[in-house]
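Structural overview
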Amino acid sequence: MTYDFTAAAVLDGPSTTERLEAALQLVSAATAEDAGRPVSRDTTKCAKIMIVDDEPINIKVVQKYLQGHGYSHFVTTSDATRAIDMFRTQRPDIALLDIMMPEVSGIEILQQVRADRQISRIPVVILTAVGDARIKQKALELGATDFLTKPVDPSELVLRVGNALVVKSHYDHLANYSVQLERQVRARTSELMASRRGLVQTLARAAEYRDNETAHHIVRVGRYVGLIAKELKMPEEIIELLEEASLLHDVGKIGIADAILLKPGRLTEDEYEIMRQHCAFGRRIIQQSLESAWERHGTRSQLQLVEPGNAIAWLIPVAAMIAQTHHEHWDGGGYPLGLRGEQIPIEGRITAVADVFDALSNKRPYKEAYAFDRCIEMMERGRGTHFDPQILDAFLQRTDQILQVQIDLADVD
Ligand SMILES: [Fe+2]
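Summary of the structure given here. Please read these numbers as outputs of a predicted model, since none were measured by experiment.

Moving on to the overall build of the chain. Scanning the chain from terminus to terminus reveals 18 helices and 5 strands. Counting across all 413 residues of the chain, residues that qualify as buried make up 46%. Considering only residue pairs separated by 6 or more positions, the chain has 69% of its internal contacts joining residues 24 or more positions apart. Carbon and sulfur atoms provide 52% of the accessible area of the chain, an area that totals close to 21,000 Å².

Below, the discussion takes up the layout of surface pockets. Of the pockets and cavities examined, the largest pocket occupies roughly 860 Å³. The wall of the largest pocket is formed by 31 residues, among which Tyr272, His327, Tyr335, Ala359 and Tyr366 lie closest to the centre. Breaking the lining of the largest pocket down by element, the ones donating at least two residues are α10 (258-261), α11 (269-275) and α15 (346-361). Per-element accounting of the lining of the largest pocket gives the leading share, 4 residues, to α15. Its residues assigned to classes, the lining of the largest pocket shows 13 nonpolar, 9 polar and 9 charged.

A separate point is empty space enclosed by the protein. Within this structure, the stated rule accounts for 2 cavities of 30 Å³ or more. Here the second largest cavity is characterised by a volume of approximately 30 Å³. Forming the walls of the second largest cavity are Glu328, His329, Trp330, Ile344, Arg349, Ala352, His386, Phe387 and Asp388. Of the residues in the lining of the second largest cavity, the class split is 4 nonpolar, 2 polar and 3 charged.

Our focus in this paragraph is the coordination of the iron ion. Octahedral metal centres with six donors ideally show angles of 90 or 180 degrees, and tetrahedral centres with four donors ideally show 109.5 degrees. Looking at the iron ion, the protein donor atoms are Asp250 (OD), His278 (NE2), His326 (NE2) and His327 (NE2), and they sit 2.1 to 2.3 Å from it. Taken together, the 4 donor atoms coordinating the iron ion span angles of 85 to 174 degrees at the metal, a pattern that classifies the geometry as irregular. Read in sequence order, the donor residues for the iron ion give the motif D-x27-H-x47-H-H. Highlighted residues: His278 in helix α12 (residues 278-286) and His327 in the loop between α14 (315-325) and α15, separated in sequence by 49 residues. According to the relative accessible area criterion, His327 is buried, its value standing at 18%.

Two elements in contact, helix α8 (residues 217-231) and α15, have axes whose closest approach is 9 Å; the angle formed by their N-to-C orientations is 135 degrees. Looking at the two axes, α8 sits oblique to α15. Relative to α15, α8 is oriented so that their crossing is right-handed. In this structure, α8 uses His217, Arg220, Val221, Tyr224, Val225 and Ile228 to contact α15, whose residues at the interface are Ile350, Thr351, Val353, Ala354, Asp355, Phe357 and Asp358. Looking at the contact of α8 with α15 residue by residue, the classes come out as 8 nonpolar, 2 polar and 3 charged.

Before going further, it helps to examine the pattern of salt bridges. Applying the stated rule across the entire model yields 20 salt bridges. One salt bridge connects Arg88 with Asp116, and the closest N-O pair in it is separated by 2.8 Å. Taken as a pair, Arg88 in helix α4 (residues 83-90) and Asp116 in the loop between α5 (106-115) and β4 (124-129) lie far apart in primary sequence, 28 residues in all. A residue is classified by how much of its surface remains accessible, and Asp116, at 15% relative accessible area, is buried. One salt bridge connects Asp172 with Lys168, and the closest N-O pair in it is separated by 2.8 Å. Of this pair, Asp172 and Lys168 both sit in helix α7 (residues 154-210), 4 residues apart, roughly one helical turn. What makes Asp172 partly exposed here is its relative accessible area of 29%. Beyond isolated ion pairs, a larger network of salt bridges with shared partners links Asp53, Asp98 and Lys150.

Moving on: the packing of helix α16 (residues 372-381) against helix α17 (residues 389-397). Where α16 contacts α17, the two axes come as close as 11 Å, and the packing angle between them is 165 degrees. Regarding the angle of α16 to α17, the classification is roughly antiparallel. Here the hand of the crossing between α16 and α17 comes out left-handed. Residues Ile376, Met379 and Glu380 of α16 form the contact with α17, whose participating residues are Leu392, Phe395 and Leu396. Grouping the constituent residues of the contact of α16 with α17 by class yields 5 nonpolar, no polar and 1 charged.

The next point concerns the nonpolar core. By size, the foremost hydrophobic cluster in this structure holds 52 residues, and its most contacted members are Leu242, Phe357 and Phe395. Counting only elements with at least two residues in this core, the list comes to α7, α8, α9 (236-245), α14, α15, α16, α17 and α18 (399-408). Excluding its chain neighbours within four sequence positions, the residues that come into contact with Phe357 are Tyr224, Phe372, Cys375, Ile376, Met379, Phe395, Ile402 and Gln406. Val75, Ile99, Met101 and Ile107 belong to the second largest nonpolar core, which has 26 residues in total.

Moving on, we come to the sheet that holds strand β5 (residues 146-150). One open sheet accounts for 5 strands, arranged β2-β1-β3-β4-β5; its pairing is parallel. One side of each edge strand has no neighbouring strand; the edge strands of this open sheet are β2 (73-77) and β5. Adjacent strand axes in the sheet meet at a mean angle of 20 degrees, parallel and antiparallel pairs treated alike. Relative to β5, β4 runs parallel, the two being bridged by 5 bridges.

Within strand β3 (residues 94-98), 5 of the 5 residues are buried, which leaves the element mostly enclosed by the surrounding structure. Of the two faces of β3, the one carrying Ile94, Leu96 and Asp98 and the one carrying Ala95 and Leu97 are both buried. Relative to β3, strand β1 (residues 48-52) runs parallel, the two sharing 4 bridges. Looking at β3, one finds that Ile49 is bridged to Ile94. Handedness of the β-α-β unit built from β3, α5 and β4 comes out right-handed.

Reading guide: rules and limits
- Residues numbered from 1 in each chain as written.
- Predicted model: local features only at pLDDT ≥ 70, side-chain atom pairs only at ≥ 80, totals over all residues.
- Heavy atoms only, no water.
- Helix = DSSP H or I, 4+ residues; strand = E, 2+ residues; numbered from the N terminus.
- Buried < 20%, exposed > 50% of the residue type's maximum accessible area, 1.4 Å probe, protein only.
- Contact = heavy atoms within 4.5 Å.
- Areas by Shrake-Rupley, 256 points an atom, 1.4 Å probe, with all protein chains shown as cover.
- 1 Å grid on protein atoms, 1.4 Å probe; cavity = no way out; pocket = protein on both sides within 12 Å on 5 of 7 lines; lining within 4 Å.
- Points joined across faces, edges and corners; volume = space filled by probe spheres on them.
- Nonpolar A, V, L, I, M, F, W, Y, C, P; charged D, E, K, R; others polar.
- Donors = N, O, S within 2.8 Å, 3.2 Å for Na, K, Ca; no water.
- Tetrahedral: all angles 85-135°; square planar, octahedral: opposite > 155°, others 65-115°.
- Axes fitted to C-alpha atoms, helices over the stretch in contact; angles between N-to-C directions.
- Parallel < 35°, antiparallel > 145°, perpendicular 65-115°, else oblique.
- Left-handed = near helix turned anticlockwise from the far one by under 90°.
- Salt bridge = Lys/Arg side-chain N within 4 Å of Asp/Glu carboxyl O.
- Core = buried A, V, L, I, M, F, W, Y, C linked by side-chain atoms within 4.5 Å.
- Pairing = 2+ DSSP bridges.
- Right-handed = clockwise from strand over helix to strand, strands pointing away.

Structure follows, in structure tokens:
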């Protein structure tokens, strides 16, 4: 299975669920293919066999039988109290475990083995006396792999050990293969995310080239958004997501005619009306969902849907939401939807503060750059009308860093 890395596929790429389904398909396809391969009984002859029996003579007899059939790697103990430590340190491929032992019974050892994730999958064959039905049932409940009745029949011993080892070998092989596949899926997913990030930045730069008066505008806005999100104590991955998604806030300006976009001086009301359309253009450029789908999902913050550990998968929906809502005002006087207060998704409210500050503090076709203090004063005037007061406070808490971004990313005349 391969991923489609075309621009369309990456920008409008698979959701997390789809990626997980693809990963599961990969695992099950490989598992099915792998399961068809026979594991040779000969390959199990190098297995490490552990024998626990309080009678040293029993250990010798079992070991001798198995040696006669090609097995050569044994760890043994007649001290039941050492058995669990041996399981953990020796990690045998199979264990033959006597039940009736002084101090610690085979049942207790089996119980501890099955409770320890590191060793719980080791096959354990129980050595028990004839007719011990109650103990057999208990051992089965605890996950015993098989039983051998004492005195041990040599041919039965060899066959049962061989069978258990073949099953174990299949299991190990499939488990390793799954781990390998999981690693591959993770690597491909991170490649996909890197491509998606790359395309977002490319698209943002393309929009920036058209609007040539705002050379570093989008990058500065991204940084300001990140600083506000940090002050709001958002998780690191959300901060990163917002910083990247906000790069596309004005991508819709691609759809505005040069005569309006680059007009020196103030726009007429008609021109301004056209300019306002950049929000809807931006959203449609980023996320090509139908109008009806957009209406159905409304303007709910996309950050609420982010799965921890996989925030970057929401880059496109969050960017689309920012493009759509970054000109809404806290008091409902903004555009294009006239949303009010918390109806405006938080990603849009944060970007509004960052975007306005950058417009005030830099030169535009219709205005000169204002001094920092004047910008702050004008921002304060927008408290509760244009801006969410809480977000404006977060911005004002970070003015030192904001000033630094302004210096580091100043536009070159
Ligand atoms: Fe805008």
